[in-house]
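# Structural description and commentary
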Amino acid sequence: MDSLIPFTTSGSLVDCVDRKMMVVLRDGRKLIGVLRSYDQFANLVLEDTVERIYHTDVYAERWQGLYLIRGENVVLLGEIDLDQEDDIPLRQVEWNVLEPYHKQDIATKKKKDEYKAGVLYEQKGFCKEGGEGDGY
């Protein structure tokens, strides 16, 4: 049983080093880069990182370079399949074209989440915790 412990923690990331990964953060940002290093807290170092935003059937990327991510902010980490990466049915556009639409999407989602939290609080007795913007 003790031999399985490293594979249930950040030790399971050893096979992901030097591979292209997508990281989804607690604030909703999506980062794509090459995983270069990690530690026991699942803090990550991504190289050649881009931030990607989406709206309907288009996406845009903004160069970020070397990126250090605190492990507690990681919601999802997944490997990019290099063979299928170019086959995605989305069209790439410039960041400044897509950013206003993306910000509108975020604002709309925030309003819906606030409304839902209000209904849950008033009608179902749920508490009003998690107001830090943590959607996960």
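The present account deals with the structure reproduced in this document. Per chain, residues are indexed from 1 in the order of the written sequence. Only residues with pLDDT of 70 or above have their local features reported here, since the model is predicted, and side-chain atom pairs are shown and tallied only from 80 upward, although totals for entire chains, interfaces and linings are computed over all residues. The side-chain quantities take in all heavy atoms of the structure and omit both hydrogens and water.

### Description of the layout of surface pockets
One number sums up the size of the second largest pocket: a volume of about 180 Å³. Cavities and pockets were defined on a 1 Å grid built from protein atoms only: a cavity is a group of points that admits a 1.4 Å probe but offers it no way out, a pocket is an open group of points flanked by protein on both sides within 12 Å along at least five of seven lines, and a lining residue is one with an atom within 4 Å of any such point. Taken together, Met 22, Ile 32, Arg 52, Tyr 54, Tyr 59, Glu 61, Ile 80, Glu 85, Asp 86, Ile 88 and Leu 90 form the lining of the second largest pocket. The way it works is that DSSP assigns letters per residue, a run of H or I at least four long becomes a helix, a run of E at least two long becomes a strand, and they are numbered from the N terminus. Counting only elements with at least two residues in the lining of the second largest pocket, the list comes to β3 (44-55) and β4 (58-69). Its residues assigned to classes, the lining of the second largest pocket comprises seven nonpolar, no polar and four charged. Grid points are joined across faces, edges and corners, and a volume is the space filled by probe spheres set on the points. Polarity classes work like this: nonpolar for Ala, Val, Leu, Ile, Met, Phe, Trp, Tyr, Cys and Pro, charged for Asp, Glu, Lys and Arg, and polar for all others, with Gly in that last group.

### Considering the nonpolar core
Definition used in this section: a nonpolar core is a set of buried Ala, Val, Leu, Ile, Met, Phe, Trp, Tyr and Cys residues joined via side-chain atoms within 4.5 Å. The buried label applies to any residue whose accessible area, calculated with a 1.4 Å probe on protein chains only, is under 20% of its type's maximum; exposed applies above 50%, and partly exposed to all values in between. Of all hydrophobic cores here, the largest spans eleven residues; its members are Leu 13, Cys 16, Met 21, Val 23, Leu 25, Leu 31, Leu 35, Leu 44, Leu 46, Tyr 67 and Ile 69. If you list the elements that add at least two residues to this core, you get β1 (20-25), β2 (30-38), β3 and β4. The dominant element in this core, judged by the number of residues it contributes, is β1, at three residues. By definition in these notes, contact holds between two residues if any of their heavy atoms fall within 4.5 Å. Residues within four places of Leu 35 in sequence aside, it is in contact with Leu 13, Cys 16, Val 17, Asp 18, Arg 19, Met 21, Leu 44, Val 45 and Leu 46. In terms of nonpolar packing, the next biggest core, distinct from the first, is built from six residues, Ile 53, Val 58, Trp 95 and Leu 98 among them.

### Things to note about the side chain of Thr 49
Its place among the elements puts Thr 49 in strand β3. Residue Thr 49 is classed as buried on the basis of its relative accessible area of 0%. Beyond its immediate chain neighbours, meaning those up to four positions away, Thr 49 contacts Leu 31, Ile 32, Gly 33, Arg 62, Trp 63, Gln 64, Gly 65 and Tyr 67.

### Remarks on the sheet that holds strand β5 (residues 74-79)
If you walk across this open sheet you meet the six strands as β5-β1-β2-β3-β4-β6, and the pairing is mixed. The sheet is open, and its two borders are formed by β5 and β6 (91-92), each paired with just one other strand. Sheet topology note: the β1/β5 ladder contains five bridges and is antiparallel. Note on β5: the bridge partner recorded for Val 24 is Leu 76. With axes taken as lines fitted to C-alpha atoms, and helix axes fitted only over the stretch in contact, angles between N-to-C directions fall between 0 and 180 degrees. Helix-sheet contacts for helix α1 (residues 95-124) involve β3 and β4, and the interaxial angle to β3 is about 75°. Pairing between two strands requires that DSSP report at least two bridges joining them.

### What to know about a negative patch on the surface
There is a patch of like negative charges on the surface, built from Asp 81, Asp 83, Asp 86 and Asp 87. Along the chain, Asp 86 falls in the loop between β5 and β6. Note that patches include only residues with greater than 30% relative accessible area and no salt bridge, and the join distances are 9 Å for like charges and 5 Å for nonpolar side chains (Val, Leu, Ile, Met, Phe, Trp, Tyr). Reported accessibility uses the Shrake-Rupley method at a 1.4 Å probe radius. Residues are deemed covered only where the shown protein chains occlude them. Salt bridges, as used here, are contacts in which a Lys or Arg side-chain nitrogen is within 4 Å of a carboxyl oxygen on Asp or Glu. In this charge count, Lys and Arg are treated as positive and Asp and Glu as negative; neither His nor the chain ends contribute. Where a charge lies is defined by one atom per residue type, namely NZ (Lys), CZ (Arg), CG (Asp) and CD (Glu).

### Quick word on α1
An α-helical segment advances 3.6 residues per turn. Residues three or four places apart therefore align on the same side. Its 30 residues place the ends of α1 41 Å apart at the C-alpha level, agreeing with the 44 Å of an ideal helix rising 1.5 Å per residue. For α1, the set of buried residues is Trp 95, Leu 98 and Gly 118. On its buried side, α1 packs onto β3 and β4. Just downstream of α1, Gly 125 is the residue with a positive phi angle, here 80°. Multiplying 1.5 Å by the helix residue count minus one yields the expected span of that helix.

### Re the pattern of salt bridges
For the coordinates displayed, the defined rule picks out ten salt bridges. We note a salt bridge from Glu 47 to Arg 36, for which the minimum N-O separation is 2.5 Å. Taken together, the positions of Glu 47 in strand β3 and Arg 36 in strand β2 put the pair eleven residues apart, joining distant regions of the chain. Judged by relative accessible area, Glu 47 falls into the partly exposed class, the value being 28%. On the basis of relative accessible area, Arg 36 is assigned to the partly exposed category, the value being 37%. Among the salt bridges present, the one from Lys 103 reaches Glu 99, with a minimum N-O distance of 3.8 Å. Placement of the pair is Lys 103 and Glu 99 together in helix α1, with a separation of four residues, close to one helical turn. Residue Lys 103 is classed as exposed on the basis of its relative accessible area, which comes to 52%.

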